[in-house]
Structures are given as structure tokens and as C-alpha cells.
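Examination of the molecular architecture
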Amino acid sequence: MPRLSPHVLVLVLWLGATACASRHVPVGRTPTAPVPACFDTAALSPAERELNEALLLKALDSEALYTILADIKPMSSGFERQDISVEAPDGTTVEATRRVLATWQCGADLDAGLQAFARVHDGKRTLHAWVARRSAVRALITRQSTFFAALGVTPTMPAGETLLTIEHALPAVRFRGYGWLFGYPDDAVTFFVDAALSQERTGQFVVRDFRSVPTFGNPTNQFVWARPKGAVDSPEELAIEGRAREVLADYRARRARFIGPGRPGAVALVREALGKGPADSAGAGAPGAR
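For the structure given in this document, a descriptive report is provided here. (Residues numbered from 1 in each chain as written. Predicted model: local features only at pLDDT ≥ 70, side-chain atom pairs only at ≥ 80, totals over all residues. Heavy atoms only, no water.)

1. What about the sheet that holds strand β2 (residues 110-121)?
If you trace the three strands from one edge of the open sheet to the other, you get β1-β3-β2, paired in antiparallel fashion. The outermost strands of the open sheet, each flanked by one partner alone, are β1 (75-85) and β2. Recorded for the sheet is a direction-independent mean angle of 25 degrees between the axes of neighbouring strands. Looking at chain direction, β2 and strand β3 (residues 124-133) are connected through nine bridges and run antiparallel. Its bridge partner lying in β3, D111 is registered against A132. Across the sheet, helix α4 (residues 92-101) lies against β1, β2 and β3, angled at about 150 degrees from β2, the strand it touches most. (Pairing = 2+ DSSP bridges. Helix = DSSP H or I, 4+ residues; strand = E, 2+ residues; numbered from the N terminus. Axes fitted to C-alpha atoms, helices over the stretch in contact; angles between N-to-C directions. Contact = heavy atoms within 4.5 Å.)

See below:
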């Protein structure tokens with residue numbers, strides 16, 4: 001066989017590699033990132049799986065239900081609270097919680113994490129667990145593009161970064177951003193921001209009423225927003241509650257089947273509700289799950 005020059009040899013090797021690659025990647029198709037499994041807990045320890053069950057049930061019993069199993073609230077936060085001493089911090093529990101929340105994905109539309117707030121009170125920094133429905137967050141940011149774009153927030157920004165941006169914004173901007181992200185009606189968000197600005201100017205508290213949408217855990221004071229004193233239900237408020245009651249009724253029925261001693265647990269409930277089938281053995285609830 002005749003010897004090939006170095007340049008010819010490189011060309012032959014390159015052509016061969018290209019031919020092999022073309023057999024594995026269809027022409028015209030861009031490789032995509034793997035889609036996260038639905039609440040996959042295989043990488044969690046037994047203790048973390050037990051924590052996961054407790055946290056997920058706590059979230060489902062709260063207003064986070066309307067984010068996890070619906071798109072009524074683009075994001076929900078506060079179903080789990082932790083405090084860290086800034087003088088003698090210990091991140092052990094925080095890290096375990098973050099590992100658990102990292103499994104709260106199903107396809108590409110759910111995300112969850114633990115947010116640290118900017119302010120320190122009594123020597124402690126508070127952290128809240130949050131969960132987001134990415135498609136609803138993107139739709140909100142698109143709808144309110146002028147407000148969010150001024151903060152550098154765009155539809156492709158990760159939910160955790162969006163929260164962090166809002167948390168460090170000026171108070172009025174922070175209130176409006178949180179209000180929209182947490183699914184409150186537009187009129188309620190505007191009222192709360194205007195009331196806060198009025199109180200800052202005058203020192204007088206603006207009297208108000210509160211409107212609640214029931215959750216499994218509490219008929220009031222979980223999914224709740226402020227509105228002017230004496231206000232009557234608006235069409236937007238009625239629409240939110242109508243959708244929420246349907247989701248809550250479905251959850252009540254599933255909860256009766258999935259939650260309790262010897263039953264599959266919260267992870268299995270969510271997987272079925274999201275149409276991903278029964279949980280595998282790693283994701284099943286711990287024996288005696290609440």
C-alpha cells in the first residue's frame with residue numbers, strides 16, 4: 001500500500017469521522033438536552049426520600065398545588081422556611097433540602113429550589129422553598145415584557161435567577177414582581193404597590209380587605225391577596241378561584257387514594273396527576289407516609 005502524505009491522511013481520517021457521525025445524528029436535526037424524569041428520586045438517600053415526601057405533601061396541601069399541578073400560579077414560595085444564623089451558619093439542612101427540591105422536575109416544565117432573602121433579622125437569614133412552572137413564568141414575562149425587560153429578565157431566564165433579581169429590586173418593583181410571579185390578579189398587584197407607595201409618602205396605612213382562594217391546608221390566608229376596602233369580586237378573581245376549585249377537588253380525590261399509611265405517597269400522586277404513570281420503587285413514598 002502506498003504511503004499517504006500527512007495532509008492526505010488527515011483528510012481521510014476527517015472524512016471517516018464525518019461519515020460515522022452522520023450515521024448517528026440525522027441530517028438537519030439539532031441534538032437536544034435530555035428531558036428530566038418526573039420527580040426522579042433515585043439519587044436520594046432513604047432519609048432524603050422521606051424528607052422529599054414530607055416537603056412535597058406540605059407543598060401540595062398549600063397554594064403550591066396551583067403551581068405543581070396547574071399553571072394558575074407561575075411560582076409559589078414559602079411552603080418551607082428555614083433560618084440560618086449569620087454568626088454561626090450551618091448549611092447542612094439547607095443542602096439536604098436543595099438536593100430534594102432538585103428532583104422536583106417533570107419533563108421540562110417544573111423547577112424548584114431554596115431562595116435566601118436579602119435582609120437579615122435578629123441575626124438570621126431566612127430561606128424559602130419555591131417551585132415554578134416554567135411555561136407559566138415565560139408567559140408572564142412575555143405578557144409583562146416592559147416591566148421585566150427593564151430588570152434584564154427575559155423569558156429564557158431560569159426561574160431561580162428571576163426570583164433573585166426581583167428580591168434585590170427596589171421595594172415597589174419587588175412588590176410588583178412578586179405579585180405577578182405568585183399569580184395575583186393585576187388589579188390586586190397594582191393596589192398593593194400603590195398602597196405601599198402611599199404609606200411611604202404619608203406614613204398612613206392604607207386600609208384593605210383580603211381575598212383568599214382555598215387550599216387543602218387552609219380555606220384562607222395561603223393563596224391570598226389584598227384589595228381595596230369593600231371591593232367586590234372582579235371577573236379575574238372569579239376566574240382564578242373557579243379554576244383553582246377544580247384543581248383542588250381533583251387533588252382531594254387523589255390525596256384520599258395516595259396519602260396515608262401503606263399508600264403510595266406524594267411522589268406517586270404527582271406522577272399520576274401529571275400523566276407520567278406510577279412512581280418507580282425509588283420514588284414511592286416511605287412506609288406510613290402521611
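2. So, the packing of helix α10 (residues 235-258) against helix α11 (residues 266-273)
Packed helices, taken two at a time, are described by their axes: the angle between them and the distance between them. Across the interface, α10 lies against α11 with an axial gap of 10 Å and an inter-helix angle of 135 degrees. The angle between the axes of α10 and α11 places the two elements in the oblique class. In this structure, the crossing between α10 and α11 has a hand that is right-handed. Taking contact as the criterion, the partners of Y251, R254, R255, R257 and F258 in α10 are, on α11, A268, L269, E272 and A273. Residues of the contact of α10 with α11, tallied by class, amount to five nonpolar, no polar and four charged. (Parallel < 35°, antiparallel > 145°, perpendicular 65-115°, else oblique. Left-handed = near helix turned anticlockwise from the far one by under 90°. Nonpolar A, V, L, I, M, F, W, Y, C, P; charged D, E, K, R; others polar.)

3. Side note on the nonpolar core
Of all hydrophobic cores here, the largest spans 44 residues; its most connected members are F39, L56, L60, Y66, I68 and W104. L56 has contacts with F39, I68, W104, A266, V267 and V270, leaving out every residue within four places of it along the chain. One finds L140, V153, Y178 and L181 within the second-largest nonpolar core, a separate group that totals 19 residues. (Core = buried A, V, L, I, M, F, W, Y, C linked by side-chain atoms within 4.5 Å. Buried < 20%, exposed > 50% of the residue type's maximum accessible area, 1.4 Å probe, protein only.)

4. Thoughts on unusual backbone geometry
For residues other than glycine, phi is negative in most cases, and the peptide bonds are mostly trans. At F39, a position not held by glycine, the phi torsion is positive, near 50 degrees. Within the fold, F39 resides in the loop between α1 (6-24) and α2 (46-60). Relative accessible area serves as the criterion here: at 2%, F39 is assigned to the buried category.

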